[in-house]
Amino acid sequence: MLRRILLSLVATMIVAGLCVYGAFWRPSLAATPVPAANSFSPQLVEKGAVLAGLGNCASCHTAKGGKAFAGGYGLATPFGTIYSSNITPDPATGIGSWSQEAFKRAMHEGVRADGAHLFPAFPYTHFTTITDEDVTALYAYLMTRPPVVAPAIANTVPFPLSWRPLQAGWKLLYFKKASYETEVGKSVDWNRGRYLSEGVAHCAACHTPRNKLGAEIKNSPYLGANIDAWFAPALTAANTAPLPWTEDEIYTYLRSGMTALHGTASGPMAGVIYDGLAKAPDSDIRAMAIYFADMNGSAPDAKQSKLLSLDTIKSEATLAKIMSKSSQVGGQYNDHGANLYLAACASCHSNSNGKPATIRPELGLNSALTAAEPTNLIQVILHGIAKREAQPSLVMPGFAATMSDDDIAQIASYLRRSRTELAPWPSVDVTVAKLRKSSKSE
């Protein structure tokens with residue numbers, strides 16, 4: 001009897017699995033010749049270039065030191081490392097033999113040209129809302145890139161998670177093909193910002209926490225998440241920045257990579273801004289700023305004549321309090337961390353005029369200091385901020401080679417207690433060691 005029950009359960013599971021797979025089975029699509037570059041209009045290709053920048057496609061599909069869009073970038077996940085694919089028009093190792101229909105299916109449904117399901121590391125859960133017209137423009141742009149021969153690198157995801165048909169079950173739980181629906185009652189710019197942010201730019205993919213199966217937690221959108229040894233902060237009112245992220249602040253940050261009131265983009269976000277958003281028109285950047293300002297509660301309501309700013313009494317008082325701490329080095333904080341800060345950091349980050357500066361910003365205004373964990377602050381101390389063509393006057397050296405783990409932990413702890421009134425971070429030295437090891441393994 002027990003054996004019969006077990007066999008019945010196994011049979012039921014197999015049938016259920018086959019039903020799920022059958023529901024999500026997709027046929028392979030015929031290969032097509034590589035389209036001639038001149039078959040696409042320059043205007044369409046340029047539109048695709050802007051969209052590819054908004055989606056930061058090059059960042060994920062370019063290995064360190066590799067050729068653009070040739071794949072090989074390893075994304076570490078709890079299930080193993082997933083390597084991005086070659087999306088140049090090479091017919092053998094890239095997507096040169098993909099028809100436009102195959103490309104659209106991959107974007108909207110997460111299915112390769114051969115019918116296999118893509119891992120959700122490729123954010124088709126967001127790309128599904130991109131319009132057909134925009135997908136066509138992206139296809140035109142990618143098909144006019146230089147073809148690169150770059151065979152796929154094997155993922156390290158173990159069996160059975162590596163079994164592609166299993167992704168059909170994941171889709172049944174967490175994916176629904178959809179198109180963008182305009183929200184009535186919101187402005188054209190707001191809807192444009194939402195379309196870009198939740199679609200091609202897929203901001204939530206980094207800024208939303210995920211469950212144990214790697215899906216974004218639906219009731220926690222934009223609440224912040226750990227990714228690539230960095231912490232992508234919350235984009236809602238849960239953001240820990242001392243001053244509000246207003247529409248103008250968000251716009252300035254996304255356009256230039258820095259603001260006097262919130263600091264400088266670093267880590268993966270620097271690539272998003274300097275390499276990805278650089279070609280986007282001001283109107284699109286402004287639309288995204290309008291959308292996120294509304295999301296975080298800093299957008300004006302009917303009773304306000306302007307956004308929260310330095311003119312706001314609360315913000316002004318907060319700013320004054322933070323700036324007054326900037327010169328408080330030594331004295332009661334005259335310990336190892338304070339001495340290291342004085343020697344290595346104070347000449348750039350401590351000013352005496354009481355006003356925030358865009359270049360070499362006041363650290364007390366940065367959410368890296370007020371975050372629940374010290375990850376982002378430690379990463380910047382370890383590796384610095386690279387010189388960018390867009391901001392040639394901005395460069396910060398990294399101290400990984402000249403400071404010990406204890407030194408860096410001491411500086412981070414000193415800044416936390418001297419610039420904020422928050423509780424100390426626990427085990428900062430452990431975090432430093434972990435991040436240093438992570439950078440060495442890259």
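Let us look at the structure shown here.

Procedures and definitions
Residues numbered from 1 in each chain as written. Predicted model: local features only at pLDDT ≥ 70, side-chain atom pairs only at ≥ 80, totals over all residues. Heavy atoms only, no water. Helix = DSSP H or I, 4+ residues; strand = E, 2+ residues; numbered from the N terminus. Buried < 20%, exposed > 50% of the residue type's maximum accessible area, 1.4 Å probe, protein only. Contact = heavy atoms within 4.5 Å. Areas by Shrake-Rupley, 256 points an atom, 1.4 Å probe, with all protein chains shown as cover. Expected span 1.5 Å × (residues − 1). Salt bridge = Lys/Arg side-chain N within 4 Å of Asp/Glu carboxyl O. Core = buried A, V, L, I, M, F, W, Y, C linked by side-chain atoms within 4.5 Å. Axes fitted to C-alpha atoms, helices over the stretch in contact; angles between N-to-C directions. Parallel < 35°, antiparallel > 145°, perpendicular 65-115°, else oblique. Nonpolar A, V, L, I, M, F, W, Y, C, P; charged D, E, K, R; others polar. Left-handed = near helix turned anticlockwise from the far one by under 90°. Patch = residues over 30% accessible without salt bridge, like charges linked within 9 Å, V, L, I, M, F, W, Y side chains within 5 Å. Phe/Tyr/Trp six-rings, centres within 6.5 Å; stacked < 30°, edge-to-face > 60°.

### Here's the deal with the overall build of the chain
- Each helix and strand counted, the chain has 19 helices and six strands in total.
- Every one of the 442 residues in the chain was classed for burial, and the buried ones make up 45%.
- Expressed as a percentage of contacts within the chain between residues at least 6 apart in sequence, the contacts between residues at least 24 apart total 66%.
- Surface exposure of the chain reaches about 22,500 Å², of which carbon and sulfur atoms provide 60%.

### A short note on helix α2 (residues 42–54)
- With 13 residues, α2 should reach 18 Å at 1.5 Å per residue; the first-to-last C-alpha distance of 19 Å fits that figure.
- Of the residues making up α2, those classed as buried are Val 45, Gly 48, Ala 49, Val 50, Leu 51, Ala 52, Gly 53 and Leu 54.
- For α2, the elements touching its buried residues are α3 (57–60), α6 (132–142), α8 (188–198), α11 (268–276) and α12 (282–296).
- Positive phi appears at Asn 56, one or two residues downstream of α2, with a value of about 55 degrees.

### Some thoughts on the pattern of salt bridges
- Under the counting rule described, the total for this entry stands at 16 salt bridges.
- We note a salt bridge from Asp 132 to Lys 104, for which the minimum N-O separation is 3.9 Å. Of this pair, Asp 132 sits in helix α6 while Lys 104 is found in helix α4 (residues 100–109), placing the two residues 28 residues apart along the sequence.
- Residue Asp 132 is classed as partly exposed on the basis of its relative accessible area of 39%.
- In this structure, Asp 248 engages Arg 286 in a salt bridge whose closest nitrogen and oxygen atoms are separated by 3.0 Å. Of the two residues, Asp 248 sits in helix α10 (residues 247–256) while Arg 286 sits in helix α12, which places them 38 residues apart along the sequence.
- Judged by its relative accessible area of 43%, Asp 248 is partly exposed.
- Classification of Arg 286 as partly exposed rests on a relative accessible area of 25%.
- Because the salt bridges share partners, they merge into one network encompassing Glu 101, Lys 104 and Asp 132.

### Observations concerning the nonpolar core
- Counting 85 residues, the largest nonpolar core has Leu 54, Phe 103, Leu 377, Ile 378 and Leu 415 as its most contacted members.
- Apart from residues lying up to four places away in sequence, Ile 378 is in contact with Ile 408, Ala 412, Val 428, Thr 431, Val 432 and Leu 435.
- Formed by six residues, the second largest nonpolar core is a distinct cluster that contains Leu 243, Leu 261, Leu 319 and Leu 365.

### Topic: the packing of α8 against α12
- For the pair α8 and α12, the least separation of the axes is 7 Å and the interaxial angle reads 90 degrees. One way to sum up the angle between α8 and α12 is to call them roughly perpendicular. From α8, Asp 189, Trp 190, Arg 192, Gly 193, Arg 194, Leu 196, Ser 197 and Glu 198 reach across to α12, where they touch Asp 284, Ala 287, Met 288, Ile 290, Tyr 291, Phe 292 and Asp 294.
- For the contact of α8 with α12, a count of residues per class yields seven nonpolar, two polar and six charged.

### Focus: the packing of α10 against α12
- For the pair α10 and α12, the least separation of the axes is 8 Å and the interaxial angle reads 135 degrees. By the criterion of interaxial angle, the relationship of α10 to α12 is oblique. When the axes of α10 and α12 are compared, the crossing they make is right-handed. Contacts from Glu 247, Asp 248, Ile 250, Tyr 251, Leu 254 and Arg 255 in α10 reach Asp 282, Ile 285, Arg 286, Met 288, Ala 289, Ile 290, Phe 292, Ala 293 and Asn 296 in α12.
- In terms of residue class, the contact of α10 with α12 is built from nine nonpolar, one polar and five charged.

### Digging into a nonpolar patch on the surface
- On the surface, a cluster of nonpolar side chains totalling about 440 Å² of accessible area is made up of Phe 159, Leu 161, Trp 163 and Leu 166.
- Residue position: Phe 159 is located in the loop between α6 and α7 (166–174).
- Residue class for Phe 159 comes out exposed when judged on its relative accessible area of 65%.

### Quick notes on the packing of aromatic side chains
- Tallied over the full model, the rule gives twelve aromatic pairs.
- Consider the rings of Tyr 124 and Phe 175, whose centres lie 5.0 Å apart with planes at 85 degrees: the pair is edge-to-face. In this pair, Tyr 124 sits in helix α5 (residues 124–127) while Phe 175 sits in the loop between α7 and α8, placing the two residues 51 residues apart along the sequence.
- A ring pair is formed by Trp 170 and Tyr 174, whose centres lie 5.3 Å apart and whose planes are at 55 degrees; its orientation type is tilted.

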